[in-house]
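# Structural characterization, general
Below, each chain spelled out in residue letters.
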Amino acid sequence: MPAANSVIEAGLLAALVLAAEKPWSQITLAEIAAKAGLTLQDFHGAGGREEIVEAMDGYFDRAMSADGVPDDSSGRERLFDVIMKRFEAMEPYRPGLRELMKFREASFSHVVRLPVHRHASAAWALASAGLDDDSGAPASLKRIVIAFVIASTERAWRREKSADFALTMAALDKGLRHAEDRLGQLRRFAGKSENTETTEKPDKGEE
């Protein structure tokens, strides 16, 4: 029997092909298994349609680390490169992905988990760009900011009409520049607060 993660990945790719042809709500697990060259029994214990939808982001996140950490560029440029790899990997599956994304947004059980997937995507983007440490800003804060960038870029990708990713790249560049500005403002604020606390702390003789 194939490993559970291999079954779900194969099921996801098959589901994306099927979802390009008809609504996700009309696709059965048996159809997905047949398209993937598996049996329905292979999915027993591995998961079904719900797990396939939940696997969507993680599968394409892996593309961000496919070539290792980019060299000789700024942090923002490295993030741009790795996040664009994710959208380039998604492009061949555009019709099916758009259908699954539309279904996910209309499903309460899936949409409530979307922030978790965004956070995981951001964490892997930062790791893939060699920026998952606490330098510059806490890694936890960087993940929150980059999660918003990925979400806004995905919305642009879904509207993309150009073969050269013009809309997607513009949205990603804008989002990363805004993220850089926000993190810079936070660093300046935090530095000012620390200086104020140091300055205002009374000497023991004044207490």
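Scroll up to find the structure this text is about.
Summarised in this report is the structure supplied together with it. (Residues numbered from 1 in each chain as written. Predicted model: local features only at pLDDT ≥ 70, side-chain atom pairs only at ≥ 80, totals over all residues. Heavy atoms only, no water.)

## Comments concerning the nonpolar core
Nonpolar side chains in soluble globular proteins generally cluster together in the buried interior. Defined as follows: Buried Ala, Val, Leu, Ile, Met, Phe, Trp, Tyr and Cys residues form a nonpolar core when they are joined through side-chain atoms within 4.5 Å. Burial classes follow relative accessibility: with a 1.4 Å probe on protein chains only, a residue under 20% of its type's maximum area counts as buried, one over 50% as exposed, and anything between as partly exposed. Here a strand is any run of E in DSSP of at least two residues, a helix any run of H or I of at least four, and the numbering for each starts at the N terminus.
Grouped together as the largest cluster of nonpolar side chains are 47 residues, with contacts concentrated most on Trp24, Ile32, Ile52, Leu79, Ile83, Leu97 and Ile146. Of all the elements, helix α1 (residues 4–19) adds the most residues to this core, at eight residues.

## Notes on the environment of Asn5
For Asn5, the location among the structural elements is in helix α1. Note on Asn5: relative accessible area 52%, which makes it exposed. Along the sequence, Asn5 and Ala55 sit 50 residues apart, while their C-alpha atoms lie 9.1 Å from each other.

## Points about the side chain of Arg118
Using the following cut-off: Throughout this description, a polar contact denotes any pair of N or O atoms lying within 3.5 Å of each other; where both atoms belong to protein, one of them has to be capable of donating a hydrogen while the other can accept it, and for residues adjacent in sequence the pair is counted only when both atoms sit in side chains. Here a residue-residue contact requires only that any non-hydrogen atoms of the pair lie within 4.5 Å.
For Arg118, the location among the structural elements is in helix α8 (residues 114–128). Given the relative accessible area of 12%, Arg118 is considered buried. Separated by 2.9 Å, the side chains of Arg118 and Glu154 make a polar contact. Arg118 has contacts with Asp57, Arg104, Ala147, Ile150, Ala151 and Glu154, leaving out every residue within four places of it along the chain.

## Things to note about the packing of α8 against helix α9 (residues 139–159)
As a reminder of what qualifies: Each axis is a line fitted through C-alpha atoms, taken for helices only over the stretch in contact, and angles between the N-to-C directions span 0 to 180 degrees. Small angles under 35 degrees read as roughly parallel and large ones over 145 as roughly antiparallel, with 65 to 115 read as roughly perpendicular and the rest as oblique. Note on residue categories: nonpolar means Ala, Val, Leu, Ile, Met, Phe, Trp, Tyr, Cys or Pro, charged means Asp, Glu, Lys or Arg, and polar means any other residue, Gly included.
Contact geometry for α8 and α9: axes closest at 8 Å, N-to-C directions at 105°. Our classification of the angle between α8 and α9 gives roughly perpendicular. Residues Arg118, His119, Ser121, Ala122, Ala123, Ala125 and Leu126 of α8 pack against Lys142, Arg143, Ile146, Ala147, Ile150, Ala151 and Glu154 of α9. Taken together, the residues that form the contact of α8 with α9 break down as eight nonpolar, two polar and four charged.

## Side note on a nonpolar patch on the surface
Our working definition: Only residues whose relative accessible area exceeds 30% and that take part in no salt bridge are eligible for patches, with like-charged residues grouped when within 9 Å of each other and nonpolar side chains (Val, Leu, Ile, Met, Phe, Trp, Tyr) grouped when within 5 Å. Methods summary: accessible areas were calculated by the Shrake-Rupley approach with a probe of 1.4 Å, and residue burial reflects only the protein chains presented. Think of a salt bridge as a Lys or Arg side-chain nitrogen and an Asp or Glu carboxyl oxygen that are within 4 Å of each other.
A cluster of nonpolar side chains, contributed by Phe108, Val111 and Val112, occupies part of the molecular surface with about 290 Å² of accessible area. With respect to the helices and strands, the residue Phe108 is situated in helix α7 (residues 108–111). Phe108 sits in the exposed class, given a relative accessible area of 65%.

## With respect to empty space enclosed by the protein
Let me state the cut-off plainly: Using a grid of 1 Å spacing that covers the protein atoms alone, one calls a set of points a cavity when a 1.4 Å probe fits there but cannot get out, and a pocket when the set is open and has protein on both sides within 12 Å along at least five of seven lines; lining residues are those with an atom within 4 Å of a point. Grid points are joined across faces, edges and corners, and a volume is the space filled by probe spheres set on the points.
Under the counting rule described, the total for this entry stands at one cavity of 30 Å³ or more. Considered as a void within the structure, the largest cavity measures approximately 40 Å³ in volume. What lines the largest cavity is Met56, Asp57, Phe60, Arg86, Met90, Leu97, Met101 and Glu154. At the level of elements, α4 (56–61), α5 (75–90) and α6 (94–106) are the ones that each hand at least two residues to the lining of the largest cavity. Counting residues per element, the lining of the largest cavity draws most heavily on α4, at three residues.

## A few points about unusual backbone geometry
One can expect most non-glycine residues to show negative phi and most peptide bonds to be in trans. Within the chain, Phe165 stands out as a residue other than glycine whose phi angle is a positive 60°. Relative to the elements of secondary structure, Phe165 occurs in the loop between α9 and α10 (166–200). Judged by its relative accessible area of 14%, Phe165 falls in the buried class.

## Things to note about α5
Short version of the rule: To estimate the expected span of a helix, count its residues, drop one, and scale the result by 1.5 Å.
Over its 16 residues, α5 extends 23 Å from the first C-alpha to the last, a length consistent with the 22 Å expected when each residue adds 1.5 Å. Taken as a whole, α5 has its buried residues at Arg78, Leu79, Phe80, Val82, Ile83, Met84, Arg86, Phe87 and Met90.

## Here we look at the side chain of Thr168
Looking at the secondary structure, you find Thr168 in helix α10. Beyond its immediate chain neighbours, meaning those up to four positions away, Thr168 contacts Met84, Phe87, Thr153, Ala156, Trp157 and Glu160.

## Considerations on the layout of surface pockets
In this structure, the largest pocket spans a volume of roughly 290 Å³. The greatest single-element share of the lining of the largest pocket, amounting to five residues, is contributed by α10. By residue class, the composition of the lining of the largest pocket is eight nonpolar, three polar and four charged.

## Quick look at the packing of aromatic side chains
Defined as follows: Aromatic pairing here means that ring centres of Phe, Tyr or Trp (its six-membered ring) are within 6.5 Å. Orientation follows from the plane angle: under 30 degrees is stacked, over 60 is edge-to-face, and everything else is tilted. Ring-over charges, as used throughout, are those where CZ of Arg or NZ of Lys falls within 6 Å of the ring centre and within 35 degrees of the ring normal.
Within the structure shown, the criterion is met by four aromatic pairs. One aromatic cluster is present, built from ring pairs that chain together Tyr59, Phe60 and Tyr93. One Lys or Arg, Arg86, reaches over the ring of Phe87 and ends 5.6 Å from the middle of that ring. The positively charged end of Arg94 is found above the aromatic ring belonging to Trp157, 4.3 Å away from the centroid.

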